[in-house]
Amino acid sequence: MWLKLFFLLLYFLVLFVLARFFEAIVWYETGIFATQLVDPVALSFKKLKTILECRGLGYSGLPEKKDVRELVEKSGDLMEGELYSALKEEEASESVSSTNFSGEMHFYELVEDTKDGIWLVQVIANDRSPLVGKIHWEKMVKKVSRFGIRTGTFNCSSDPRYCKRRGWIRSTLIMSVPQTSTSKGKVMLKEYSGRKIEVEHIFKWITAHAASRIKTIYNAEHLKEEWNKSDQYWVKIYLFANLDQPPAFFSALSIKFTGRVEFIFVNVENWDNKSYMTDIGVYNMPSYILRTPEGIYRYGNHTGEFISLQAMDSFLRSLQPEVNDLFVLSLVLVNLMAWMDLFITQGATIKRFVVLISTLGTYNSLLIISWLPVLGFLQLPYLDSFYEYSLKLLRYSNTTTLASWVRADWMFYSSHPALFLSTYLGHGLLIDYFEKKRRRSNNDEVNVNNLEWLSSLWDWYTSYLFHPIASFQNFPIESDWDEDPDLFLERLAFPDLWLHPLIPTDYIKSLPMWRFKCLGVQSEEEMSEGSQDTENDSDSENTDTVSREKEVFEAKQSLAHNPPGRASHCDAEACSCANKYCQTSPYERKGRSYGSYSTNGDMEPDWLTWPADMLHCTECVVCLENFENGCLLMGLPCGHVFHQNCIVMWLAGGRHCCPVCRWPSYKKKQPYAQHQPLSNDVPS
């Protein structure tokens, strides 16, 4: 994850350097920068009208170029970057889609339930023609879509009852705007009552209603009162201009940022005394002043701060973001980081995409899960101070020159998505090249064959499906099907076997084994050595201990070379109980009890040689024979003890549990408390 994050930050650095490189090329060829001011006098009449359309100012009553130029100057300074964006948007002339409402619920869901936007809906009455023709409606849709105004068509033939209840008897235009200045407030519908059915008149009607929601100041006393007032809004943006009404983009932003930013329009057209504006730091007209608790910020003095909807929208989002804005930003960053796996992963092509899909699912799931508690914490009342300090930090950081460069690059690459995708692909290919070169230098084997990788994936899947994980010891899991494929066919032939887990028997090698000893009883080797030399008793005992440890080691080695699953009978020489168990009748086996003494001469067993977590007993419940001096024993995790050969045959038969308590033989268990040695009572 950290490697992907490093590559993503490196990619952002490459984008930043590449944007500065493009600026240097433009400056070298034309001698201008994007922040350089443009003289409106040098522009053609067509370009001036394009600028006014992008800003949302009407020019229908201005036939001369001089009047249009003055209107451009009154609305704000024009930069080279804004002129380039406006001309590019005009040349693109992409068709904007309009929504066709299917009925009342569809209309309510999109229009009446939308609290932070404007809708323009053309209602077509039954058996009537639309109020605006098809050609003019397409122009209208294209014009208003620049300012985030959504459009749609409601045909009353699809839901005549709703039209009758609303009073839509004739074809008309409906505009929906938020009714209050609070976020997620009520929505009111307004009907167009003008006589002229032209695009400019309809647009003027829309902008007039949108501008009515902006607080307007007409004199210096009102400005002084508003400037010194403290209310719920931490961020306020003032427009000082000599205009009849604010531009359409300013009005559209006031609706979009309802409840977050307060928009105030100061009309200085008929002001005689402008001394107070000088006192608060406003010297030029027009001016866009952002007032925050931290101070005053003049919009338009940094890179990318154009007089347009997109530029001011990105600026205000960085200062006063919503939770949804932060979630979308984190979603984009997480997916960009996850796609790095496509280039970091080496090997088969199918392997790359499988890893990519897995990473995308994992990262997006973790992102959504991590956002749930964040949303819950933000609802807590005592986190208001934390929220305010976070916004203060954002305002400090996003009013710097570096932040303005980042916003300008964001607008540039978002308007050129092909360039963004091509640079991301090139960055990924470079990562793939260097990663492949690094692995070759480290002699790492990379599987480049799709079939081989799919085969290994299938082997892993079948091993995971049919071999449940045993948690007793860390032993290597080796599939028996690799040696005997008939086992897989046999398992398919009997569906009932799928209900029983297939446990590997390798854990048997890790079970404890030791020799059973009695106090006061010597082995044959010790007796022969004692008859020859009674003075070397201690040496004979040490030799006997070493020989017995060697026998235990050899028994474990025999288990390693001969798997218990392949054992067919008990070794009579290794365990003296084998033949006795075969010769004993069932009635005799039932007569004996677990844990009784029946050793040679009823001698006391040497419990000191037993492992600490094993239960003390003297009889094997598998063969129902008593332990003889020197026989090999084996214990299970539950603490019960048996003859080594008896319990191995029991476990190899597929019964992976204790014969006494049925505890799984491959699963650890808390050790029992140390028991006291059993008494020497004679068994019944």
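If you're wondering where the values come from, they're calculated on a predicted model, not measured in any experiment.

**Q** Sorry, what's going on with the overall build of the protein chain here?
**A** Looking only at helices and strands, one finds 25 helices and 15 strands in the protein chain. By the burial criterion, 40% of the 684 residues in the protein chain qualify as buried. In the protein chain, 71% of the contacts between residues at least 6 apart in sequence involve partners at least 24 apart. With an accessible surface of roughly 39,400 Å², the protein chain has 56% of that area assigned to carbon and sulfur atoms.

**Q** I keep staring at the packing of helix 1 (residues 2-30) against helix 17 (residues 401-415) and nothing clicks. Help me out?
**A** Geometrically, a packed helix pair is captured by the angle between its two axes and the distance between the axes. Their axes nearest at 10 Å, the elements helix 1 and helix 17 cross at an angle of 80°. Of the possible angle classes, the one that applies to helix 1 and helix 17 is roughly perpendicular. Contacts from Leu15, Phe16, Leu18, Ala19, Arg20 and Phe22 in helix 1 reach Leu402, Trp405, Asp409, Phe412 and Tyr413 in helix 17. Tallied by class, residues from the contact of helix 1 with helix 17 come to 9 nonpolar, no polar and 2 charged.

**Q** Looking at this model, I keep getting lost on the confidence of the model for the protein chain. Mind explaining?
**A** Detailed reading of the predicted coordinates is not advisable wherever pLDDT is low. In the predicted model, the protein chain carries a mean pLDDT of 75, and the fraction of residues at 70 or more is 73%. Averaged pLDDT values for the elements of the protein chain fall to 36 in helix 23 (residues 577-583) and rise to 93 in strand 15 (residues 641-643). Under a pLDDT of 50 for its full length, residues 467-484 has, in the predicted model, 34 contacts with residues more than four places off or in other chains. Within the model, pLDDT remains below 50 along residues 673-684, and this stretch shows 19 contacts once partners closer than five positions in the same chain are excluded.

**Q** Honestly, the state of the cysteines in this entry has me stumped. Any pointers?
**A** Where two cysteines share a covalent bond between their sulfur atoms, that bond is called a disulfide. Tallied over the full model, the rule gives 1 disulfide. Note on cysteine connectivity: Cys156 is disulfide-linked to Cys163, with sulfurs 2.2 Å apart. Negative torsions about the S-S bond denote left-handed disulfides, and the value of about -95° found for Cys156 with Cys163 makes this one left-handed. Take Cys156 and Cys163: they sit in the same class, and that class is buried.

**Q** Please clarify how unusual backbone geometry should be interpreted in this entry.
**A** Most peptide bonds adopt trans geometry, and most residues besides glycine take a negative phi value. In this structure, the amide linkage connecting Met285 to the following residue, Pro286, adopts the cis form with an omega of -5°. Structurally, Pro286 is set in the loop between helix 11 (275-279) and strand 9 (287-292). Although it is not a glycine, Leu624 adopts a positive phi angle of roughly 60°. In this structure, Arg662 is a non-glycine residue whose phi angle is positive, near 65°. Within the secondary structure layout, Arg662 lies in the segment after helix 25 (644-652).

**Q** Would you take a moment to explain the pattern of salt bridges for this structure?
**A** Pairing is possible between side chains of opposite charge, provided their charged atoms come close. Per the counting criterion, the structure on display carries 25 salt bridges. The residue Glu226 makes a salt bridge to Lys215 at a minimum N-O spacing of 3.3 Å. Of this pair, Glu226 sits in helix 9 (residues 220-227) while Lys215 sits in strand 6 (residues 215-217); the two residues are 11 residues apart in sequence, bridging distant segments of the chain. Of the residues examined, Lys215 reaches a relative accessible area of 28% and is grouped as partly exposed. The structure contains a network of salt bridges with shared partners spanning Lys256, Arg260, Asp313, Arg317, Glu322 and Asp325.

**Q** Just checking my understanding: could you explain the sheet that holds strand 6 for this structure?
**A** Strand pairing in a sheet relies on backbone hydrogen bonds, with the paired strands running either antiparallel or parallel. Taken in spatial order, the 5 strands line up as 6-8-7-9-10 in an open sheet, and their pairing is mixed. Each edge of the sheet is formed by a strand with only one pairing partner; in this case those strands are strand 6 and strand 10 (295-299). Pairwise comparison of adjacent strand axes, ignoring direction, gives a mean angle of 25° for this sheet. For strand 6 and strand 8 (residues 261-267), the ladder comprises 3 bridges, and the chain directions are parallel. The residue bridging Thr216 from the neighbouring strand is Phe265, located in strand 8. Strand contacts of helix 10 (residues 248-256): strand 7 (235-241), strand 8 and strand 9, with the helix running at about 150° to strand 8, the strand carrying the most contacts.

**Q** Help me understand the sheet that holds strand 5 (residues 187-191) in this model?
**A** Taken together, 5 strands build an open sheet; the order of strands is 1-3-2-4-5 and the sheet is mixed. In this open sheet, the two strands that pair with only one neighbour each are strand 1 (99-101) and strand 5. Here the strands of the sheet are splayed against their neighbours by 25° on average, with no regard to which way each runs. Across 5 bridges, the pairing between strand 4 (residues 172-178) and strand 5 is antiparallel. The residue of strand 5 that forms the bridge with Val177 is Met188. Along the sheet face, helix 5 (residues 104-112) touches strand 1, strand 2 (119-124), strand 3 (150-155), strand 4 and strand 5 and points at about 135° away from the line of strand 1. Across the sheet, helix 8 (residues 199-211) lies against strand 2, strand 4 and strand 5, angled at about 25° from strand 4, the strand it touches most.

**Q** Would you take a moment to explain helix 15 (residues 349-378) for this structure?
**A** For the α-helix, the turn length of 3.6 residues means that residues three or four positions removed from each other point alike. Compared with an ideal rise of 1.5 Å per residue, which puts 30 residues at 44 Å, helix 15 spans 43 Å between its outermost C-alpha atoms and is within 8% of the ideal. Of the residues making up helix 15, those classed as buried are Arg352, Leu356, Thr359, Leu360, Tyr363, Asn364, Leu367 and Trp371. For helix 15, the secondary structure elements touched by its buried residues are helix 1, helix 13 (323-338), helix 14 (341-344) and helix 18 (417-441).

**Q** Just to check I follow, could you spell out the pairing of strand 9 for this structure?
**A** Regular strands place their side chains on alternate faces of the sheet. Most of strand 9 is tucked away, with 5 of its 6 residues classed as buried. Pairing between strand 9 and strand 10: 5 bridges, direction antiparallel. What sits directly across from Ile289, in strand 10, is Arg298. Hairpin connection of strand 9 to strand 10: 2 residues between the antiparallel strands.

**Q** How do you make sense of the side chain of Thr303 when you look at a structure like this?
**A** By secondary structure assignment, the location of Thr303 is in the loop between strand 10 and helix 12 (309-319). Among the polar contacts made by the side chain of Thr303, one reaches the side chain of Trp405 at a distance of 3.2 Å. When sequence neighbours within four positions are dropped, the list of residues in contact with Thr303 reads Thr35, Ser404, Trp405 and Ala408.

**Q** What exactly am I supposed to notice about a nonpolar patch on the surface here?
**A** On the surface, a nonpolar cluster with roughly 600 Å² of combined accessible area is contributed by Trp2, Leu5, Leu9, Phe12, Leu329 and Leu333. For the nonpolar patch, the secondary-structure elements that each account for two or more residues are helix 1 and helix 13. When residues in the nonpolar patch are grouped by element, the largest group, 4 residues, is from helix 1. Assignment of secondary structure puts Leu329 in helix 13.

**Q** Mind showing me how you'd approach the environment of Met188 here?
**A** Locating Met188 in the fold gives a position in strand 5. The exposure class assigned to Met188 is partly exposed, which follows from its relative accessible area of 25%. Spatially, the C-alpha atom of Met188 lies 5.8 Å from that of Val177, the residues being 11 residues apart in sequence.

**Q** Got a minute to help me understand helix 12 in this structure?
**A** Of all 11 residues making up helix 12, 9 are buried, and the element is well covered by its neighbours. Buried within helix 12 we find Leu309, Ala311, Met312, Asp313, Ser314, Phe315, Leu316, Ser318 and Leu319. Put simply, Ser308 is the residue that caps the front of helix 12, since its side-chain oxygen is 3.5 Å from the backbone nitrogen of Ala311.

**Q** Would you mind going over the environment of His201 with me for this structure?
**A** By the element assignment, His201 lies in helix 8. When its relative accessible area of 31% is taken as the criterion, His201 is described as partly exposed. For the pair His201 and Gly58, spaced 143 residues apart in sequence, the C-alpha separation works out to 9.1 Å. When near neighbours in sequence (up to four residues on either side) are disregarded, His201 contacts Tyr192 and Lys196. There is a polar contact of 3.2 Å between the side chain of His201 and the side chain of Glu198.

So, how was this worked out
- Residues numbered from 1 in each chain as written.
- Predicted model: local features only at pLDDT ≥ 70, side-chain atom pairs only at ≥ 80, totals over all residues.
- Heavy atoms only, no water.
- Helix = DSSP H or I, 4+ residues; strand = E, 2+ residues; numbered from the N terminus.
- Buried < 20%, exposed > 50% of the residue type's maximum accessible area, 1.4 Å probe, protein only.
- Contact = heavy atoms within 4.5 Å.
- Areas by Shrake-Rupley, 256 points an atom, 1.4 Å probe, with all protein chains shown as cover.
- Axes fitted to C-alpha atoms, helices over the stretch in contact; angles between N-to-C directions.
- Parallel < 35°, antiparallel > 145°, perpendicular 65-115°, else oblique.
- Nonpolar A, V, L, I, M, F, W, Y, C, P; charged D, E, K, R; others polar.
- pLDDT = per-residue confidence, 0-100.
- Disulfide = S-S within 2.5 Å.
- Salt bridge = Lys/Arg side-chain N within 4 Å of Asp/Glu carboxyl O.
- Pairing = 2+ DSSP bridges.
- Expected span 1.5 Å × (residues − 1).
- Polar contact = N/O pair within 3.5 Å; in protein donor to acceptor, adjacent residues only side chain to side chain.
- Patch = residues over 30% accessible without salt bridge, like charges linked within 9 Å, V, L, I, M, F, W, Y side chains within 5 Å.

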